[in-house]
Amino acid sequence: MDITLRWFGKKHDSVKLEYIKQIPGVTGVVSSLHDVPAGEAWKLEDILALKNEVEAAGLKLVGIESVNIHEDIKIGLPTREKYIENYKISLENLGKADVHLVCYNFMPIFDWTRTDLAKELEDGSYVLAYDENIIKDIKPEKMFERVEKESAGFILPGWEPNRRDEIMDLFEKYKGVTAEKRMENLKYFLDAIMPVCEKYQIKMAIHPDDPAWSVFGLPRIVTSEKSLEEIAALNDSIYNGFTLCTGSLGSNLKNNLPEIIRNPKIKDRIHFVHFRNIKYECDGVFHESSHLSSDGDFDMYEIAKALYDIGFDGVLRPDHGRMIWGEEARPGYGLYDRALGVAYFNGLWEAIRKSDKSK
Ligand SMILES: O=C(O)[C@@H](O)[C@@H](O)[C@H](O)[C@H](O)CO
Ligand SMILES: [Fe+2]
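Per an unreviewed UniProt entry, the protein chain goes by the name Mannonate dehydratase and belongs to Herbinix hemicellulosilytica. Its UniProt record gives the protein chain a comment under Sequence similarities (unreviewed entry), which states: "Belongs to the mannonate dehydratase family." Listed under Function (unreviewed entry) in UniProt, the entry text for the protein chain is "Catalyzes the dehydration of D-mannonate."

What follows is the structure in structure tokens.
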């Protein structure tokens, strides 16, 4: 297994690769070409430059998070052909650069949604939080203002200010695009790219919708055990797989994470794990918590145990962390609490491994 951290590149991240390297057990990072807009083909030289930079710090570039999908592919417009071709070129170049994991999502218009990027907890730490009551009453354009104001000067994935103008136009384009249609569009995309993934052994890992239900009236399709089963069935290739993001999928408390991990139709397709915990305050209102089971709603031991039991040997990373010890960084992506998350996971994993009587 590779334990990694997400790194946004020198230009977009306050966390240094050298510091990531100091976290016990971390072998690499997942990163992206954050300046390439969704839909454009990635150049081999740019990928190699990123890879060299990571390797110079003694780490591996274990995967890409994310190669984003152009909205026309998600909507199923005729123009998708061009963007799918570009996606295939990006994959090919990643394969040539020896990168074999790609995380992506199929969320309409927005990536993850939060209503508060710096909610202060009792202990003085700051966390990302979600309140369905606010989302219910707010217009999407307003969300941009909210996010921009609170993002400490960093650009958040999916909420790039230059996307604001597209938003209303996109809402129009999404009208009438049902969940079923979106699933078909995902199949169309997967069928087109899988031959390239097979050729270069690139594991595609779709990220669940966050939160795991529809927001702003836009249907979301990666929200439950059933939807993961459906996605696995869209294309039989093992390269059509998942990012098991505990915090996203688990935001719907009906989703039983250990059970989903053990599901025979899903388990071999889990290529990437985002390991984190959340805490519900009341219905529809939650905040991200420290990784510790007792601080949140998930039993992190049971999640790690399920991963151990299925023989998980892919890539794992802590997902978001709290902002602690006065750190200033991208919301959710400070160094300190994510490093604590890694240490905690390492402890769980060692204990599970050593108590395995069958070994
Ligand atoms: O919540 C996060 O920060 C990430 O897990 C997602 O933004 C994730 O990178 C994307 O959805 C994957 O495309
Ligand atoms: Fe995630």
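Read on, since the account is not over.
The next point concerns the coordination of the iron ion (ligand 2). Protein-derived ligands of the iron ion (ligand 2) are His207 (NE2), Cys245 (SG), His274 (ND1) and Asp319 (OD), with the metal-ligand distances lying across 2.2 to 2.5 Å. In terms of primary sequence, the donors binding the iron ion (ligand 2) are separated according to H-x37-C-x28-H-x44-D. With His207 in strand 7 (residues 203-207) and Asp319 in the loop between strand 12 (315-318) and helix 13 (336-354), this pair connects stretches of sequence that are 112 residues apart. Each member of the pair, His207 together with Asp319, is buried.

Taken together, 15 residues form the shell around ligand 1, and within it Glu65, Ser66, Asn105, His320 and Tyr333 come nearest. Separating an oxygen atom of ligand 1 from a side-chain N or O atom of Arg6 is a distance of 3.2 Å. Within the side chain of His320, one N or O atom sits 2.6 Å away from an oxygen atom of ligand 1. Here ligand 1 has 340 Å² of accessible area as a free molecule, and 100% of this is covered by the chains. The cavity where ligand 1 resides is the largest cavity. The element that contributes the greatest number of residues to the shell around ligand 1 is strand 4 (residues 101-105), accounting for 3 residues. Looking at side-chain class alone, the shell around ligand 1 contains 5 nonpolar, 5 polar and 5 charged residues.

In this structure, Ser66 follows Glu65 across a cis peptide bond, with omega equal to 0 degrees. Relative to the helices and strands, Ser66 resides in the loop between strand 3 (60-65) and helix 3 (71-75). Note that the residue after Asp210, namely Pro211, is joined by a cis bond; omega there is 0 degrees. Checked against the element boundaries, Pro211 lands in the loop between strand 7 and helix 9 (225-234). In this structure, Asp98 is a non-glycine residue whose phi angle is positive, near 70 degrees. Summarising the element assignment, Asp98 is placed in the loop between helix 4 (80-96) and strand 4. The phi dihedral of Gln201 falls on the positive side, at around 55 degrees, and the residue is not glycine. The class of Gln201 is partly exposed, set by a relative accessible area of 47%.

Applying the stated criterion across every chain, the model contains 1 cavity of 30 Å³ or more. A volume near 130 Å³ is recorded for the largest cavity. As for the largest cavity, its lining consists of 17 residues, and the residues nearest its centre are Arg6, Glu65, Asp111, Trp112 and His207. Split by residue class, the lining of the largest cavity holds 5 nonpolar, 5 polar and 7 charged.

A few words on the layout of surface pockets. Estimates place the volume of the largest pocket at around 910 Å³. Contributing elements (two or more residues each) for the lining of the largest pocket: helix 3, helix 4 and helix 7 (164-174). For the lining of the largest pocket, the class distribution of residues is 18 nonpolar, 12 polar and 14 charged. Quantified by volume, the second largest pocket comes out at close to 390 Å³. What lines the second largest pocket is a set of 22 residues, and nearest its centre among them are Lys203, His271, Asp313, Gly314 and Val315. Only helix 2 (44-56), strand 3 and strand 9 (270-275) provide two or more residues apiece to the lining of the second largest pocket. Take the lining of the second largest pocket: its biggest share by element is 3 residues, from strand 3. Looking at the lining of the second largest pocket residue by residue, the classes come out as 9 nonpolar, 4 polar and 9 charged.

Okay, a nonpolar patch on the surface next. A contiguous nonpolar surface patch, about 340 Å² in accessible area, is contributed by Trp325, Tyr336 and Leu340. Relative to the elements of secondary structure, Trp325 occurs in the loop between strand 12 and helix 13. The class of Trp325 is exposed, set by a relative accessible area of 63%.

Parameters and conventions
- Residues numbered from 1 in each chain as written.
- Chains lettered and ligands numbered in written order.
- Predicted model: local features only at pLDDT ≥ 70, side-chain atom pairs only at ≥ 80, totals over all residues.
- Heavy atoms only, no water.
- UniProt positions renumbered as here; feature names shortened; annotations may be inferred.
- Donors = N, O, S within 2.8 Å, 3.2 Å for Na, K, Ca; no water.
- Helix = DSSP H or I, 4+ residues; strand = E, 2+ residues; numbered from the N terminus.
- Buried < 20%, exposed > 50% of the residue type's maximum accessible area, 1.4 Å probe, protein only.
- Near = heavy atom within 4 Å.
- Polar contact = N/O pair within 3.5 Å; in protein donor to acceptor, adjacent residues only side chain to side chain.
- Areas by Shrake-Rupley, 256 points an atom, 1.4 Å probe, with all protein chains shown as cover.
- 1 Å grid on protein atoms, 1.4 Å probe; cavity = no way out; pocket = protein on both sides within 12 Å on 5 of 7 lines; lining within 4 Å.
- Sits in = over half its atoms within 2 Å of the grid points.
- Nonpolar A, V, L, I, M, F, W, Y, C, P; charged D, E, K, R; others polar.
- Points joined across faces, edges and corners; volume = space filled by probe spheres on them.
- Patch = residues over 30% accessible without salt bridge, like charges linked within 9 Å, V, L, I, M, F, W, Y side chains within 5 Å.
- Salt bridge = Lys/Arg side-chain N within 4 Å of Asp/Glu carboxyl O.

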